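Structural characterization, general
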Amino acid sequence: MPKQKSHSASKKRFVVLKSGKVKRAQCNKNHKLGKKTTKRTRNLRSTAYVDKTKANTIKSMLPY
């Protein structure tokens, strides 16, 4: 049986932790930053976790 392939876009965007949680970056940090407050853009630097309803889908995209 052939090996499964990892989803290329998911490899770049998500990390599965030992606890089983899926870590992701925050969105809204790429452009139109002039209208966003400094506090908001600073808080967007931090990482976040994927909701558990979507985590199983992402884990299936990253089998290895």
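So, here is what we can say about the structure in this document. (Residues numbered from 1 in each chain as written. Predicted model: local features only at pLDDT ≥ 70, side-chain atom pairs only at ≥ 80, totals over all residues. Heavy atoms only, no water.)

Digging into the overall build of the protein chain
As a reminder of what qualifies: Labels follow the DSSP assignment, with helices taken as runs of H or I lasting at least four residues and strands as runs of E lasting at least two, numbered in each case from the N terminus. The buried label goes to any residue with under 20% of its type's maximum accessible area, the exposed label to any with over 50%, and the partly exposed label to all in between, with areas taken from a 1.4 Å probe on protein chains only. Only heavy atoms matter for contacts: two residues are in contact if any of them lie within 4.5 Å across the pair. What sets the accessible areas is the Shrake-Rupley method with a 1.4 Å probe; for residues, cover comes only from the shown protein chains.
Across its full length, the protein chain holds three helices and three strands. In sequence order, the protein chain lays out its α and β elements as α-β-β-α-β-α. Among the 64 residues that make up the protein chain, the fraction classed as buried is 16%. In the protein chain, the proportion of contacts linking residues at least 24 apart, taken out of those at least 6 apart, comes to 58%. Per element, the accessible surface of the protein chain, about 5,800 Å² overall, is 52% carbon and sulfur.

Thoughts on the packing of aromatic side chains
Our working definition: Stacked, tilted and edge-to-face are the three classes assigned to paired rings of Phe, Tyr and Trp, where Trp is represented by its six-membered ring and a pair needs centres within 6.5 Å; plane angles under 30 degrees give stacked, over 60 edge-to-face, the rest tilted. A ring has a charge above it when a Lys NZ or an Arg CZ is no more than 6 Å from the ring centre and no more than 35 degrees off the ring normal.
Under the defined criterion, the tally for this structure stands at zero aromatic pairs. One cation-aromatic arrangement involves Lys-3 over Tyr-64; the distance from NZ or CZ to the ring centre is 5.9 Å. Here Lys-21 stacks its cationic end above the ring of Tyr-49, 5.0 Å away from the centre of that ring.

Some remarks on the sheet that holds strand S3 (residues 48-49)
We count it as follows: Any two strands are treated as partners once DSSP identifies two or more bridges connecting them.
Reading across from one edge, S1-S2-S3 is the order of the three strands in this open sheet, with antiparallel pairing throughout. Two strands lie at the open edges of the sheet, namely strand S1 (15-16) and S3, each paired on one side alone.

Some remarks on the environment of Asp-51
The cut-off we apply is this: Residues adjacent in sequence count toward polar contacts only when both atoms are side-chain atoms; beyond that, a polar contact is any pair of N or O atoms within 3.5 Å, and within protein one must be able to donate a hydrogen and the other to accept it.
Considering the arrangement of structural elements, one finds Asp-51 in the loop between S3 and helix H3 (52-61). Considering only alpha carbons, one finds Asp-51 and Lys-21, 30 residues apart in sequence, at a separation of 8.8 Å. Polar side-chain contacts of Asp-51 include one of 2.5 Å to the side chain of Thr-53.

Thoughts on the side chain of Ser-10
Take Ser-10: it is sitting in helix H1 (residues 8-13). Judged by relative accessible area, which is 4%, Ser-10 ranks as buried. Look past the residues within four positions of Ser-10 in its chain and what remains in contact with it is Met-61 and Leu-62.

Looking at a positive patch on the surface
For clarity, the cut-off: The patch calculation keeps residues exceeding 30% relative accessible area without a salt bridge and links them within 9 Å when they carry like charges or within 5 Å when they are nonpolar (Val, Leu, Ile, Met, Phe, Trp, Tyr). What makes a salt bridge here is a side-chain nitrogen of Lys or Arg within 4 Å of a carboxyl oxygen of Asp or Glu, nothing more. Positive charge is attributed to Lys and Arg, negative charge to Asp and Glu, and no charge count is given to His or to the chain ends. By convention, the charge on Lys lies at NZ, on Arg at CZ, on Asp at CG and on Glu at CD.
Together, Lys-29, Lys-39, Arg-42 and Arg-45 line one region of the surface with positive charge. Along the chain, Lys-39 falls in helix H2 (residues 38-43). Note on Lys-39: relative accessible area 56%, which makes it exposed.

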